[in-house]
Amino acid sequence: MWWLFFVIVPSFVVSWLVGFALRVWAPRWGLVDRPGPRKVHDRPMPTSGGLAIWLGVVVPFAILQIVLWLTFDARPSQGLVTPEVVAGFLPREWLPEEVARHLPGVWAQSGRLWTVLTLATFVMILGLADDRWKLPWWFRLLVELIVAGVTVAEGYRLTLFIEVPLLTGILSILWIVALINAFNMIDNMDGLAAGVAAIACTVLAAVMLLTPKPLTGEPQLFVAGFFLVMLGSLLGFLWHNRPPARLFMGDAGSYFVGYLLAVISMTATFAGENTPRHAVLAPLCALTVPLYDLITVVIIRLRAGASPFVGDTRHFSHRLVELGMTKSQAVLTIYLMATSCGLGALLLHQVDTFGAMVILLLVGCMVSLIAILETTGRRAQRRTKNSQKDSLAGFSH
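The rules behind each value
- Residues numbered from 1 in each chain as written.
- Predicted model: local features only at pLDDT ≥ 70, side-chain atom pairs only at ≥ 80, totals over all residues.
- Heavy atoms only, no water.
- pLDDT = per-residue confidence, 0-100.
- Helix = DSSP H or I, 4+ residues; strand = E, 2+ residues; numbered from the N terminus.
- Polar contact = N/O pair within 3.5 Å; in protein donor to acceptor, adjacent residues only side chain to side chain.
- Contact = heavy atoms within 4.5 Å.
- Core = buried A, V, L, I, M, F, W, Y, C linked by side-chain atoms within 4.5 Å.
- Buried < 20%, exposed > 50% of the residue type's maximum accessible area, 1.4 Å probe, protein only.
- Salt bridge = Lys/Arg side-chain N within 4 Å of Asp/Glu carboxyl O.
- Disulfide = S-S within 2.5 Å.
- Phe/Tyr/Trp six-rings, centres within 6.5 Å; stacked < 30°, edge-to-face > 60°.
- Expected span 1.5 Å × (residues − 1).
- Axes fitted to C-alpha atoms, helices over the stretch in contact; angles between N-to-C directions.
- Parallel < 35°, antiparallel > 145°, perpendicular 65-115°, else oblique.
- Left-handed = near helix turned anticlockwise from the far one by under 90°.
- Nonpolar A, V, L, I, M, F, W, Y, C, P; charged D, E, K, R; others polar.

Chemist: Give me the lowdown on the confidence of the model for the protein, citing residues and values where you can.
Modeler: With 81% of its residues at a pLDDT of at least 70, the protein reaches an overall mean of 84. Mean pLDDT in the protein bottoms out at helix α3 (residues 83-87), which sits at 45, and peaks at helix α6 (residues 137-153), which reaches 96.

The following block contains the structure:
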């Protein structure tokens, strides 16, 4: 419990405090989301909450990096941290043994950590620029593809037990770009995107704590810790974003969160020597809802002859409101769907192939049920509208 406390609380406090400042400063910087035809809010809202989420993640890791420098008797003389150098590190004697034994591993991963955070910061800045100046969609997509390509070139990629590097590289780029845009699209109601992301982080952190490393058999504390730092930052931001929202995360936040969830889920080991291969599908279960929204919105827009890159009110949450739900009910429904699908991820590494098929079928049934209810509701609405038109036409005659 102390480990959870010291991982989650600092990021929560940073994000929470920065949120108060942004609610005052964002309008002065021109970072305001104004009401419009495809907006659900009726007054100008500060839209720089992504900065709070970003600082909630970066600041605790920066403090951790400083602590690492202060708690080792030896430091590498070169830029590279080799296993031999790490083995030579001697944590200070005053450190608790439970903490000291993990520090060399954390130090060894610090280079990769800051590579990811640097690229995530670049994506966040792209979103921040879009929040301020409304960049064209093709430019944003191009930058996303470039950042995703650099990420894959740095060694972060899906494996899926496919021995074709070109194919896994392409799939990895698509995975990163898809999640960036999925969280950007689902960020359309108070508390929605941050809440769904928090649920995903909770589920994936739990999976990492339950899934042992292939060689040591220990929980994957580093990856779990990253997800929990994200969770704390998201919860701190949700304090300001819960209905009625006083601060929006904007594209800066949705891009940052989507990128990190995509990349960190690729760094995790979901399957290994003692874990069945189908466990690699855990992120797909945890992130079903944003992917469902992305896919269905694109299909609906294409069917309507509209551009899939132009925003509208055809999102999952909007469609639930059109069926008669309040905005709060729509958000809660999506939370429950995200949780239900995410729970399957907790079991994938514990079941055989048949059990995995059952879990995936349950997730598929959940998604299909929602889709059927949506379709039926929209048809009923169209019939009602047509009947009303016919009645009015008959009355006029």
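There is more to say after this.
Chemist: Would you mind going over the side chain of Ser317 in detail, with residue names and values included?
Modeler: Positionally, Ser317 belongs in helix α13 (residues 316-322). Among the polar contacts made by the side chain of Ser317, one reaches the side chain of Asn188 at a distance of 2.3 Å. Apart from the residues lying within four places of it in its own chain, the contact partners of Ser317 are Asn188, Met189, Leu192, Ala330 and Ile334.

Chemist: Quick rundown of the nonpolar core? Include the residues and the values.
Modeler: A general feature of soluble globular proteins is that nonpolar side chains tend to end up buried together. Counting 99 residues, the largest nonpolar core has Phe183, Phe227, Tyr259, Leu260 and Leu261 as the members making the most contacts within it. A total of 14 residues in this core trace back to one element, the largest contributor, which is helix α8 (residues 192-210). Not counting chain neighbours up to four residues away, the residues in contact with Leu261 comprise Leu179, Phe183, Ala197, Cys201, Leu204, Phe227, Met230 and Leu287.

Chemist: Tell me about the pattern of salt bridges, and please be specific about residues and values.
Modeler: A full pass over the atoms with the stated rule returns four salt bridges. Taking the shortest distance from any N to any O, the salt bridge between Arg140 and Asp130 comes out at 3.5 Å. With Arg140 in helix α6 and Asp130 in helix α5 (residues 103-133), this pair connects stretches of sequence that are ten residues apart. Residues Arg314 and Asp312 are paired through a salt bridge, measuring 2.7 Å at the closest nitrogen-oxygen approach. Overall, the relative accessible area of 29% leaves Arg314 in the partly exposed class. What makes Asp312 buried here is its relative accessible area of 12%. Here the salt bridges share partners, and the residues they tie into one network are Arg301, Asp312 and Arg314.

Chemist: Describe the state of the cysteines, with residues and values.
Modeler: Applying the stated criterion across every chain, the model contains zero disulfides. Cys341 takes part in no disulfide bond, and the closest cysteine sulfur, belonging to Cys285, lies 7.5 Å away. Taking the relative accessible area as the measure of exposure, Cys341 reaches 1% and is therefore buried.

Chemist: Now, about the packing of aromatic side chains: what can you tell me, with residues and values included?
Modeler: Taken as a whole and judged by the stated rule, the model has eight aromatic pairs. Between Phe5 and Phe6, the aromatic rings sit 5.4 Å apart at their centres with planes inclined by 85 degrees, giving edge-to-face as the arrangement. Phe6 gets classed as exposed once you look at its relative accessible area, which sits at 57%. Taken together, a centroid distance of 5.1 Å and an interplanar angle of 85 degrees make the contact between Trp16 and Phe20 edge-to-face.

Chemist: Which residues make up unusual backbone geometry, and what are the values?
Modeler: Between Pro243 and the following residue, Pro244, the backbone shows a cis peptide bond with an omega angle of -10 degrees. Within the secondary structure layout, Pro244 lies in the loop between α9 (221-241) and α10 (250-267). Look at Lys134: it is not a glycine, yet its phi comes out positive at around 55 degrees. In this fold, Lys134 is placed in the loop between α5 and α6.

Chemist: Can you break down the environment of Met45 residue by residue, with the values?
Modeler: Positionally, Met45 belongs in strand β2 (residues 45-46). Discounting residues that sit within four places of it in the chain, Met45 has contacts with Leu31, Val32, Asp33, Ala245, Arg246, Leu247 and Phe248.

Chemist: Describe α9, naming the residues involved and giving the relevant values.
Modeler: End to end, α9 covers 29 Å across 21 residues, agreeing with the expected 30 Å (1.5 Å per residue, within 8%). Within α9, 17 of the 21 residues are buried, which leaves the element mostly enclosed by the surrounding structure.

Chemist: If you had to explain the environment of Arg112 to someone new, which residues and values would you point to?
Modeler: Here Arg112 shows up in helix α5. Sequence spacing of Arg112 and Gly155 is 43 residues, and the spatial spacing of their C-alpha atoms is 9.5 Å. Among all residues touching Arg112, those that are not within four sequence positions of it are Tyr156 and Thr267.

Chemist: Describe the packing of α6 against helix α7 (residues 165-186), and please don't skip the residues or the numbers.
Modeler: At a minimum axis separation of 9 Å, α6 and α7 run at an interaxial angle of 135 degrees. In terms of orientation, α6 lies oblique with respect to α7. The crossing of α6 and α7 is right-handed. Contacts between α6 and α7 involve Arg140, Leu141, Glu144, Leu145, Ala148, Gly149, Thr151 and Val152 from the former and Gly169, Ser172, Ile173, Ile176, Val177, Ile180, Asn181 and Asn184 from the latter. A per-class count over the contact of α6 with α7 returns eight nonpolar, six polar and two charged.

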